[in-house]
Amino acid sequence: CIVRMLNLNQQPLTALGGTGNGGPAEEVYKILILDRLCRDILSPLIHVKDLRKHGITLFFSIDKERQTIPDVPAIYFVRPDSTNVQRIIADASRGLYESFHLNFSSSLPRPLLEELASGTLKSDSISRISKVYDQYVEFITLEDNMFSLAQESVYVQLNDPSAGEAEIEAIMDRIVGGLFCVLVTLGVVPIIRCARGGPAEMVATALDARLREHLVSKNNLFAEGGNLGASHQRPVLCLFDRNFELSVGIQHDWSYRPLVHDVLGMKLNKISVPSDASGGKGRGAASMVPYELDNSDSFWVGNASSPFPKVAEEIEIQLSKYKQDVEEVNRKTGGQDGVDFDGQELIGNTKHLMNAVNSLPELTERKKVIDKHTNIATVLLGEIKERSLDSYCNLENDMLTKGSVEKGQLLAALRGKGTKADKLRLAIVYLLAVEATPQSDVESLEAALRESEVDTCAFQYVKKIKSLNISLASANSASRSNIVDWAEKLYGQSLSAVTAGMKNLLSGGRQLALTRTVEALMEGKPNPDIDSYLLFDPRAPKSSSGMGNVLRGPFKEAIVFMIGGGNYIEYSSLQELAQRQPPKHVIYGTTEVLNGVEFAEQLMVLGRKMGLGSSVPSQ
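Bear in mind the structure is a predicted one, so any value in this text is a computation, not a measurement. (Residues numbered from 1 in each chain as written. Predicted model: local features only at pLDDT ≥ 70, side-chain atom pairs only at ≥ 80, totals over all residues. Heavy atoms only, no water.)

## Focus: the confidence of the model for the protein
Interpreting fine coordinate detail is not advised for predicted regions of low pLDDT. This prediction gives the protein a mean pLDDT of 84; 82% of its residues lie at or above 70. Contacts of residues 476-509 to residues separated by more than four positions or lying in other chains number 73 contacts, the stretch itself having pLDDT below 50. (pLDDT = per-residue confidence, 0-100. Contact = heavy atoms within 4.5 Å.)

## A closer look at the sheet that holds strand β13 (residues 557-563)
Ordered by their spatial adjacency, 7 strands build an open sheet running β6-β7-β14-β13-β9-β8-β12, and the pairing between neighbours is mixed. Each edge of the open sheet is held by one strand with a lone partner, namely β6 (140-143) and β12 (534-536). Direction aside, neighbouring strands of the sheet carry axes that sit 20° apart on average. Judged from the 6 bridges that link them, strand β9 (residues 236-241) and β13 form a sheet pairing that is parallel. Among the inter-strand pairings, Asp241 is bridged to a residue of β13, identified as Ile563. Here helix α21 (residues 513-523) sits on the sheet in contact with β8 (191-194), β9, β13 and β14 (585-590), set at roughly 150° to β9. (Pairing = 2+ DSSP bridges. Helix = DSSP H or I, 4+ residues; strand = E, 2+ residues; numbered from the N terminus. Axes fitted to C-alpha atoms, helices over the stretch in contact; angles between N-to-C directions.)

## Overview of the packing of helix α16 (residues 420-433) against helix α23 (residues 596-609)
α23 packs onto α16 with a crossing angle of 70° between their chain directions and a minimal axis gap of 10 Å. In terms of axis orientation, α16 runs roughly perpendicular to α23. Contacts from Ala421, Leu424, Arg425 and Ile428 of α16 reach α23 at Gly596, Val597, Ala600, Leu603 and Met604. When the residues that make up the contact of α16 with α23 are grouped by side-chain class, the tally is 7 nonpolar, 1 polar and 1 charged. (Parallel < 35°, antiparallel > 145°, perpendicular 65-115°, else oblique. Nonpolar A, V, L, I, M, F, W, Y, C, P; charged D, E, K, R; others polar.)

## Some thoughts on the packing of helix α4 (residues 82-93) against helix α5 (residues 110-122)
As a packed pair, α4 and α5 sit with axes 9 Å apart at the nearest point and diverge in direction by 20°. Here α4 lies roughly parallel to α5, going by the angle between them. The interaxial crossing formed by α4 with α5 has right-handed handedness. Side by side, α4 and α5 meet where Ser82, Val85, Gln86, Ile88, Ile89 and Ala92 of the first sit next to Leu112, Glu115, Leu116, Gly119 and Thr120 of the second. Residues that form the contact of α4 with α5 fall into these classes: 6 nonpolar, 4 polar and 1 charged. (Left-handed = near helix turned anticlockwise from the far one by under 90°.)

If you want it as structure tokens, here you go:
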């Protein structure tokens, strides 16, 4: 979609220039005007250096003062809001560019279209507006099978006890709008499944209504078929709420991709690490080196899901293979002293020389990738040692797998190495993983956190949810959706899921509850875990929604969406599921991608809003 947009919404010319009817002469040089969200949408998909391939010579931010560039068409790629429309009207009236190709990230509402028309009419510049497109791409594609709606703090907004109905509805509208864009881009109308109660059901109901309304409209964007894989079968869209499995949002992980995200704060597939990571200049002199980690990096593609020690090994293997290949080239091209070549040998040697010259760019590229990952791994290793991250991972994993922990071991970790955030996260995982948490143990834990001057708001918040949940379970174990007043404030969230996480978290091989549930929904067989899940089919007549046995599976393709913040641990787990026999296609999306520190901050905000915990360490 984006490449087509950059080519003035026509199919791009082939790489060799020319579509057979006019050849390379058709290439048009253009400039690109973006707002911040659309720049983020573009960033993981097309590197700046590649914009030139699509005839983009310059790009600017819409909110910056710009100069007139006559005789050049401008592509605008912006959100459909009043501020952007007013800027476009101002640019057109000043005649900044020859023609304006307007592309909105979702759809431009009628009132804004009228505002654009009357504004450009008044300034007599309407002739400069060539085309207006609704692109429906308001989401960020981080990997081939992963997207984010880039909607911040949704977890806080949905769980805030003081949130009013209008605010909640506005958040739901934004989420549904983002998911609608994803489905339009994929060209599919899925079967929707979700648990009863809470945000997942609210999103499912609203999305079902939006799709139904759209399918009967004149300009239906869902052509038959679709782009999601080769099969004609419809995918299943599985909606979850972060409270379904809270621990995954907070825990430490030992795989390369989650570790890079957690420790180096990867954003939009970009990180920065100190340039002297592998030794050299003094630490103070370190300048930062930016790196991109995406599909163009074969080492990242092959090792992102591997445990960190295996990544370090793989770097060594690749380095020694690189050295061997360099030696091989040197051996083949190095002339031997005092040897006379006859004609044949000379020709042979020339061939070797040509092959060597041809292999140089590939060798140089390989070396760049090896150096990059050596630097990243060195920085990660430094942090792992400094913060004892390996012991945090092991301890949390043990608790989540066994549902118990030795108190001494836990307190030693809280008094040992690690940042304040590391300690807070470990303590919260304890609350979520261990079902029976004796009051005395919890108090010793809080004391240990206070000794390390850790803000306990987030800990208190999770403790509050847990105690409320236990009293709910004992009051009426038969009905999970009968939630008392305070929990109703949380929009009927199935709080039981928070602590049920411990029981259903792991049966065998530490598989996430999310992955197990998605697998069951894709299989579509009767299963007590999912029998209560709702089913919506936007293509079915209204009365039969929720019935349709035919459409309960099995599904080859799924879109899994996490409301309230997702992470790379879940993404990796779902990609492993996709590779198991029989192979499946699973796309993972979320309102925003958060690492454990960022998610703990959202829990902290909620703790404060509820007046829990102490930000000041008490003696």
